[in-house]
Amino acid sequence: NSKVIQTPRYLVKGQGQKAKMRCIPEKGHPVVFWYQQNKNNEFKFLINFQNQEVLQQIDMTEKRFSAECPSNSPCSLEIQSSEAGDSALYLCASSDRGLYAEQFFGPGTRLTVL
Amino acid sequence: GDSVIQMQGQVTLSENDFLFINCTYSTTGYPTLFWYVQYSGEGPQLLLQVTTANNKGSSRGFEATYDKGTTSFHLQKTSVQEIDSAVYYCAMGSGGSNAKLTFGKGTKLSVKS
């Protein structure tokens, strides 16, 4: 079973508000991924890190999204100015960087933008 | 770009029925193929994983064979149980161990007792 911790589990924001969610990867896992799962269950990769360094990221819409994985602190994903279309389940996953590494997912943060 | 196709959005079966979920993929890289299962209110969990063409993965009675010739990775189970009710996703990673996963759209399995 996954030991990825995500907080909060539920987040409700008004349009234009900041929304911040956190992720603690499994111990010893240097690679962290963020995905967005929309109401149609479709997954969208957002960004991944190896330790503190960004490996790959999409062109986050109008730069409203930012993410970091500081040393000795939880990783975080923040939406600077929430929009209704950002309502989704945000999933954090970690892997141990093995050759064919499985990604272990947390339970997600359910964001609702009113 | 990479893509994963799952055509079946929903499957309804009775207990002890045979399950078959189609999955095909497209990539120019060397894929690792996964089936994840997601229960209500939880994140996806790995069900099985295959890294080598023509190899089979199996777990909890589920099986899938990575068929490079037909670029398929169909999921099957001989006899489903009510506890198997969940959403199943075919996923592909390519480009190394740090690469993102590309997911199919998911198949919601409902098993009636």
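One can find the structure itself at the top, above this paragraph.
Caption draft 1: A look at the side chain of T102 of chain B. Residues and elements named next belong to chain B. Residue position: T102 is located in strand β11 (residues 101-103). Polar contacts involving the side chain of T102 include one to the side chain of K100, which spans 3.5 Å. Apart from the residues within four sequence positions on either side, T102 is in contact with D2, S3, V4, C90, A91 and M92.

Caption draft 2: Looking closely at the interface of chain B and chain A. At the junction of the two partners, chain B supplies 19 residues and chain A supplies 27 residues. For the chain B and chain A pair, buried surface summed over both sides reaches about 1700 Å², with 53% attributable to carbon and sulfur atoms. Across the chain B-chain A interface, the total number found is one salt bridge. Where chain B packs against chain A, one counts six residue pairs in polar contact (both at pLDDT 80 or more). Sorting the residues of the side of chain B that touches chain A by element identifies β5 (31-38), β6 (45-50) and β11 of chain B as the ones contributing at least two each. A per-element tally of the side of chain B that touches chain A places β5 of chain B first, with four residues. Considering only residue class, the side of chain B that touches chain A consists of eight nonpolar, eight polar and three charged.

Caption draft 3: Here's a closer look at the sheet that holds strand β7 (residues 56-59) of chain B. All names here are of chain B. Taken in spatial order, the four strands of this open sheet run β3-β9-β8-β7, and their pairing is antiparallel. Whereas interior strands pair on both sides, the edge strands pair on one side only; in this sheet they are β3 (19-21) and β7. Strand-to-strand twist of the sheet, defined as the mean angle between neighbouring strand axes without regard to direction, takes the value 15°. Relative to strand β8 (residues 62-65), β7 is paired through four bridges, and the arrangement is antiparallel. Each bridged residue has a counterpart across the sheet, and for S59 the counterpart in β8 is F62.

Caption draft 4: Spatial organisation of the environment of K68 of chain B. Residue and element names in this part refer to chain B. Residue placement: K68 occurs in the loop between β8 and β9 (75-77). Along the sequence, K68 and I21 sit 47 residues apart, while their C-alpha atoms lie 17 Å from each other. Among residues more than four places away in sequence, those in contact with K68 are Y25, A53 and N54.

Caption draft 5: How the structure looks around the environment of C23 of chain A. All names here are of chain A. Relative to the assigned elements, C23 resides in strand β3 (residues 19-24). Here the alpha-carbon distance between C23 and V4, two residues 19 residues apart in the chain, equals 7.1 Å. If near-sequence neighbours (up to four positions away) are discounted, C23 is found in contact with V4, I5, Q6, W34, P74, C75 and C92.

Procedures and definitions
Residues numbered from 1 in each chain as written. Chains lettered and ligands numbered in written order. Predicted model: local features only at pLDDT ≥ 70, side-chain atom pairs only at ≥ 80, totals over all residues. Heavy atoms only, no water. Helix = DSSP H or I, 4+ residues; strand = E, 2+ residues; numbered from the N terminus. Polar contact = N/O pair within 3.5 Å; in protein donor to acceptor, adjacent residues only side chain to side chain. Contact = heavy atoms within 4.5 Å. Buried area = accessible area lost by both parts, 1.4 Å probe. Salt bridge = Lys/Arg side-chain N within 4 Å of Asp/Glu carboxyl O. Nonpolar A, V, L, I, M, F, W, Y, C, P; charged D, E, K, R; others polar. Pairing = 2+ DSSP bridges. Axes fitted to C-alpha atoms, helices over the stretch in contact; angles between N-to-C directions.

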